[in-house]
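If you want the building blocks of each chain, they are given just below.
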Amino acid sequence: MEYFDIKSGEWIEEECVEENGFVVNTKGELIKYKDFDNHVTIPREVKGIPITSIGDGMIYFMGGYAFYGCKNLVSVIIADSITSIGNSAFSFCKNLISITISNSVTSIGDSAFGGCRSLTDIIIPDSVTFIGKETFQGCSSLTNVRIPASVTFIGEGIFSSCFHLKDIIVDKENVTFINIDGVLFDKQQHSLLLYPAEKPNTSYIIPDGVKIIGNSAFYNCYNLKNITLPDTIIKIEESAFENCSHLTKITIPASVTTIGERAFTSCYDLKDISLSEGITTIGRMAFSCCDNLTRITIPNGVTYIGTYAFSDCRNLRSITIPASVKSIEIYTFWGCDNLESISIYNDNIDIDEMNPLGDREKTRIYAHEGSTTERYAKRKGYKFIPLI
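Since the model is a prediction, treat every value here as computed from it, not as a measurement. All chains use their own residue numbering, which begins from 1 and follows the written sequence. Residues qualify for local features only when their pLDDT is at least 70, as the model is predicted, and side-chain atom pairs are given and counted only at 80 or more; totals for whole chains, interfaces and linings, by contrast, use all residues. In computing side-chain properties, one takes all heavy atoms of the structure into account and sets aside hydrogens as well as water.

A word on the overall build of the chain
Scanning the chain from terminus to terminus reveals one helix and 37 strands. Taking the principal axes of its C-alpha atoms as reference, the chain extends roughly 85 × 45 × 30 Å. Note on exposure labels: buried denotes an accessible area under 20% of the residue type's maximum, exposed denotes more than 50%, and partly exposed covers the range between, all computed with a 1.4 Å probe on protein chains only. In the chain, buried positions account for 54% of the 388 residues. Excluding contacts between residues fewer than 6 apart, the proportion of contacts in the chain whose partners are at least 24 apart in sequence is 32%. Total accessible area on the chain is roughly 16,500 Å²; 48% of this is exposed by carbon and sulfur atoms. Under this rule, positive means Lys or Arg and negative means Asp or Glu; His and the chain ends count for nothing. Charge positions are represented by NZ for Lys, CZ for Arg, CG for Asp and CD for Glu. Of the charged side chains in the chain, 34 are positive and 47 negative; the average position of the first set lies 7 Å away from that of the second. Starting at the N terminus, helices and strands are each numbered in turn, a helix being any DSSP run of H or I of at least four residues and a strand any DSSP run of E of at least two. Note on contacts: a residue pair is in contact if any heavy atoms of the two residues lie within 4.5 Å. Accessible areas in this description were obtained via Shrake-Rupley with a 1.4 Å probe; residue shielding takes into account the shown protein chains only.

Given below as structure tokens:
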């Protein structure tokens, strides 16, 4: 029997056995479920071969991972012979409501339950030590989750797009993670890992001592309007505040050096953001689709602004770019059709020829005479005004 192994990137042909819709290879890996039952109990063995893992990165005849997209699946009971649930094993089982994970399981892979939008509750057993990235991404019906004492690793974005998640509880005996008022941190409280999307609070003060706001930590927290960052924060990671659609104001403290990709994407109500002098990097799409952002000053010290960083900020009126910025990447201001002025202080800045800087009829470009910006403005037909 032939299947595609994601890990090796190769088609593999090996002996497999099948019984009652369960396809298992000789290593005891359940590579595919082919039946259409609503309620499934995964057996301990198939034709004498003990099942020890569920579909870790294998696609049988390109038909998806082990239970990928099993739209009829409502409930699953996992046998106590199984020690690992592989990457994307149950992804997009859209009608899956209940899953019973045995105490033999130690590892749950990346996106194992991604897109299981009907899953309302899951009990992670005390045997689990590893939970991969985006494991429960898009489980939009989940409301509460308990992390047992045994878990030592949690991947990025584990509960992103869990729109109804209100509370995370971590066992008090866990030595790696802790919850404070339902918010997930590492035990040292240096990293804020996840703020549940449906917590009802409209404001939140991040505790002193936190250094990193993790990947997708506040993703889609639509109730939040104000967030206070302590001056211990040094990094805001990818998608940290993405889709915080009602966030209106945020001050980035001087301790922050990096704003990750998509960090504030689609913060539609964000009108006022204060960037500190310590920032050196503004990632790709960091502020894209911030519809109500009207003006922004990039602090001196920033050397890199990623592509699409301010794209589709349709009400952005003015922006100041300091001498420290070496280049303006392609499409940085794409869709900023109401940009009235842009001031650029680096005389030798590299501007991509395909890069629109607002609207030629509306936007005034301010820079020093003889600069690369002046030459760009005149080539492209913008109104150029010399800086004094």
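Points about empty space enclosed by the protein
In this approach the atoms are scanned with a rolling probe the size of a water molecule, which exposes any empty space left behind. Computed over the protein atoms alone on a 1 Å grid, cavities are sets of points where a 1.4 Å probe fits but cannot get out and pockets are open sets with protein on both sides within 12 Å along at least five of seven lines; a residue lines them when it has an atom within 4 Å of a point. Grid points are joined across faces, edges and corners, and a volume is the space filled by probe spheres set on the points. For the coordinates displayed, the defined rule picks out one cavity of 30 Å³ or more. Here the largest cavity is characterised by a volume of approximately 60 Å³. Together, 14 residues line the largest cavity, and Phe159, Leu194, Tyr195, Ala197 and Tyr219 are the ones closest to its centre. Taken together, the residues of the lining of the largest cavity break down into eleven nonpolar, three polar and no charged. Only Asp, Glu, Lys and Arg are considered charged in this grouping, and only Ala, Val, Leu, Ile, Met, Phe, Trp, Tyr, Cys and Pro are considered nonpolar; every other residue, Gly among them, is considered polar.

Thoughts on the packing of aromatic side chains
Between rings of Phe, Tyr and Trp, where Trp is taken as its six-membered ring, a pair exists when centres lie within 6.5 Å; planes separated by under 30 degrees are stacked, by over 60 edge-to-face, and by other angles tilted. Going through the model one piece at a time under the given rule, you end up with 19 aromatic pairs. Arranged with centres 5.8 Å apart and planes meeting at 10 degrees, the rings of Phe310 and Phe333 form a pair that is stacked. Taken together, the residues span a long stretch of sequence, with Phe310 in the loop between β31 (304-305) and β32 (318-321) and Phe333 in the loop between β33 (327-328) and β34 (341-344) at a distance of 23 residues. Judged on exposure class, the residue Phe310 and its partner Phe333 are both buried.

Some remarks on unusual backbone geometry
Most peptide bonds adopt trans geometry, and most residues besides glycine take a negative phi value. For Asn20, which is not glycine, the phi torsion reads 55 degrees and is therefore positive. Even without being a glycine, Gln189 presents a positive backbone phi close to 60 degrees. Within the fold, Gln189 resides in the loop between β20 (183-186) and β21 (191-194).

Looking at the layout of surface pockets
Roughly 210 Å³ of internal volume is contained in the largest pocket. Residue classes in the lining of the largest pocket are distributed as seven nonpolar, five polar and two charged. Lys32, Tyr33, Lys34, Asp35, Phe36, Asp37, Tyr68, Gly69, Cys70, Lys71, Asn72 and Leu73 are the residues that line the second largest pocket. Residues of the lining of the second largest pocket, tallied by class, amount to five nonpolar, two polar and five charged.

What about the environment of Arg379?
Summarising the element assignment, Arg379 is placed in helix α1 (residues 372-380). Arg379 sits 26 residues away from Glu353 along the chain, and the two C-alpha atoms are 9.6 Å apart. There is a polar contact of 2.5 Å between the side chain of Arg379 and the side chain of Glu353. Polar contact is the term for a pair of N or O atoms within 3.5 Å; when the atoms are in protein, one must be able to donate a hydrogen and the other to accept it, and sequence-neighboring residues count only if both atoms are side-chain atoms.

Focus on the pattern of salt bridges
Think of a salt bridge as a Lys or Arg side-chain nitrogen and an Asp or Glu carboxyl oxygen that are within 4 Å of each other. Considering all chains together, one arrives at 13 salt bridges under this definition. Salt-bridge contacts for Glu237 lead to Lys235; the nearest nitrogen and oxygen are separated by 3.9 Å. Overall, Glu237 belongs to the buried group, its relative accessible area being 18%. Of the charged contacts, one joins Arg314 and Asp337 as a salt bridge, the two residues approaching to 3.6 Å between their closest N and O atoms. Here the residue Arg314 occupies a position in the loop between β31 and β32, and Asp337 occupies one in the loop between β33 and β34, the gap between them amounting to 23 residues. Classification of Arg314 as partly exposed rests on a relative accessible area of 41%. The network of salt bridges with shared partners includes Asp126, Arg146 and Asp171.

Looking at the state of the cysteines
The rule for a disulfide is simple: a pair of cysteine sulfur atoms within 2.5 Å. If you walk through the whole model with that rule in mind, you get zero disulfides. Between Cys16, a cysteine without a disulfide, and Cys70, which holds the nearest cysteine sulfur, the sulfur-to-sulfur distance is 17 Å. For Cys139, which is in no disulfide, the shortest distance to another cysteine sulfur is to Cys116 and amounts to 5.2 Å.

Structural notes on the confidence of the model for the chain
A residue's pLDDT is simply how confident the predictor is in it, with values from 0 to 100. A residue-level look at the chain finds 95% of positions with pLDDT of 70 or above and a mean pLDDT of 91. In this model, residues 57-64 is a region of pLDDT below 50 whose contacts with residues beyond four sequence positions or in other chains number 32 contacts.

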